[in-house]
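Fold and contact review
Each chain is listed here by its residues.
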Amino acid sequence: MERFKFLPLLGRILIGGPFVMSGLGLPVPPLAFVVAVLTELGGGLLLLSGYRARVVSVAMAVFCVVTALFFHHNWADQNQMIHFLKNVMMAGGLLQITYFGAGAFSLDARLGRIASRLSPLNAS
């Protein structure tokens, strides 16, 4: 498994990058969207760097589910259904980061906060 320790980094890049792009792509948002910009840009950058990844990923998972429920609830429109399912899938991936952590190539690991020794998998 040592040769695959780059996979959490790749996963964080693939899941954090779109949030960063979304956060940067919103045009001068009204106050209601400032939270979305901060969440997507800030959360995306924190995920990319692997800093406080478990806390950030659970917050981003909640953000994805709330966004899906409030903005993509018209399932009669196939485009909305696809976006709803995309948000749910992103939440699932983020919950994987919440459980397993950021991996070896992260600021959490560099700063010694990797909680693999605390994870339930190592307790058995």
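Just above, that's the structure.
Quick look at the structure, then. Quantities reported herein were computed from a predicted structural model and do not represent experimental measurements.

Some remarks on the overall build of the chain
Each helix and strand in the chain was counted, giving 6 helices and 0 strands. Along the chain, helices and strands appear, N-terminal first, in the series α-α-α-α-α-α. Within the chain, the fraction of its 124 residues that count as buried is 31%. The contacts of the chain with a sequence gap of at least 6 include a subset with a gap of at least 24, amounting to 63%. If you sum the accessible surface of the chain, you get close to 8000 Å²; carbon and sulfur atoms cover 73% of it.

As for the packing of aromatic side chains
Using the criterion set out here, one finds 2 aromatic pairs in the structure. Ring centres 4.8 Å apart and planes at 85 degrees place the aromatic pair tyrosine 99 and phenylalanine 100 in the edge-to-face group. Of the residues examined, tyrosine 99 reaches a relative accessible area of 34% and is grouped as partly exposed.

Points about the pattern of salt bridges
Summed over the entire model, instances satisfying the criterion amount to 1 salt bridge. Here glutamate 2 makes a salt bridge to lysine 5, at a shortest N to O gap of 3.1 Å. Given the relative accessible area of 56%, glutamate 2 is considered exposed. Lysine 5 gets classed as partly exposed once you look at its relative accessible area, which sits at 34%.

Looking at helix H3 (residues 53–71)
Along an α-helix, residues three or four positions apart point the same way, because every turn accommodates 3.6 residues. Here H3 spans 26 Å end to end across 19 residues, near enough to the 27 Å set by a 1.5 Å rise per residue. Here H3 has its buried residues at Ala53, Val56, Ser57, Met60, Ala61, Phe63, Cys64, Thr67 and Ala68. Looking straight down H3, one finds that the buried residues subtend no more than 165 degrees of arc, so they occupy a single side. Facing away from the buried side of H3, by more than 90 degrees, are the exposed residues Val55 and Phe70.

Focus: the side chain of asparagine 87
Its place among the elements puts asparagine 87 in helix H4 (residues 78–100). Asparagine 87 sits in the buried class, given a relative accessible area of 3%. Ignoring anything within four residues of it in the chain, the contact list for asparagine 87 reads Cys64, Thr67, Ala68 and His72.

Considering the side chain of histidine 72
Here histidine 72 shows up in the loop between H3 and H4. For histidine 72, the side chain forms a polar contact with the side chain of glutamine 80, separated by 2.9 Å. Apart from residues no more than four positions distant in its own chain, histidine 72 is found in contact with Thr67, Gln80, His83, Phe84 and Asn87.

As for the environment of valine 56
Take valine 56: it is sitting in helix H3. Counting along the chain gives 17 residues from valine 56 to threonine 39, while the straight-line C-alpha distance between them is 9.4 Å. Other than its neighbours up to four places away in sequence, valine 56 contacts Gly43, Leu46, Leu47 and Tyr51.

What counts as what
Position numbers for residues count from 1 along each chain, tracking the sequence in the order it is written. Local features are withheld for residues below a pLDDT of 70 in this predicted model, meaning they are given only at 70 or higher, and side-chain atom pairs are given and counted only at 80 or more; totals for whole chains, interfaces and linings count all residues. Hydrogens and water are ignored here; the side-chain numbers use all heavy atoms of the structure. Helical segments are the DSSP runs of H or I of at least four residues, strand segments are the runs of E of at least two, and each set is numbered from the N terminus. Throughout this description, buried means an accessible area under 20% of the type-specific maximum (1.4 Å probe, protein chains only), exposed means over 50%, and partly exposed covers the range between. It only takes one pair of heavy atoms within 4.5 Å for two residues to be counted as in contact. Only the protein chains shown count as cover for residues, and the accessible areas themselves come from Shrake-Rupley with a 1.4 Å probe. Pairing of aromatic rings covers Phe, Tyr and Trp, the last through its six-membered ring, and needs centres within 6.5 Å; plane angles under 30 degrees mean stacked, over 60 mean edge-to-face, and all others mean tilted. In what follows, salt bridge is the name for a side-chain nitrogen of Lys or Arg lying within 4 Å of a carboxyl oxygen of Asp or Glu. Helix span is expected to be 1.5 Å times the residue number reduced by one. Along the arc lie the directions from the helix axis toward the C-beta atoms. A 3.5 Å cut-off defines polar contacts: any pair of N or O atoms within that distance qualifies, except that in protein one atom must be a possible hydrogen donor and the other a possible acceptor, and neighbouring residues in sequence count only when both atoms are side-chain atoms.

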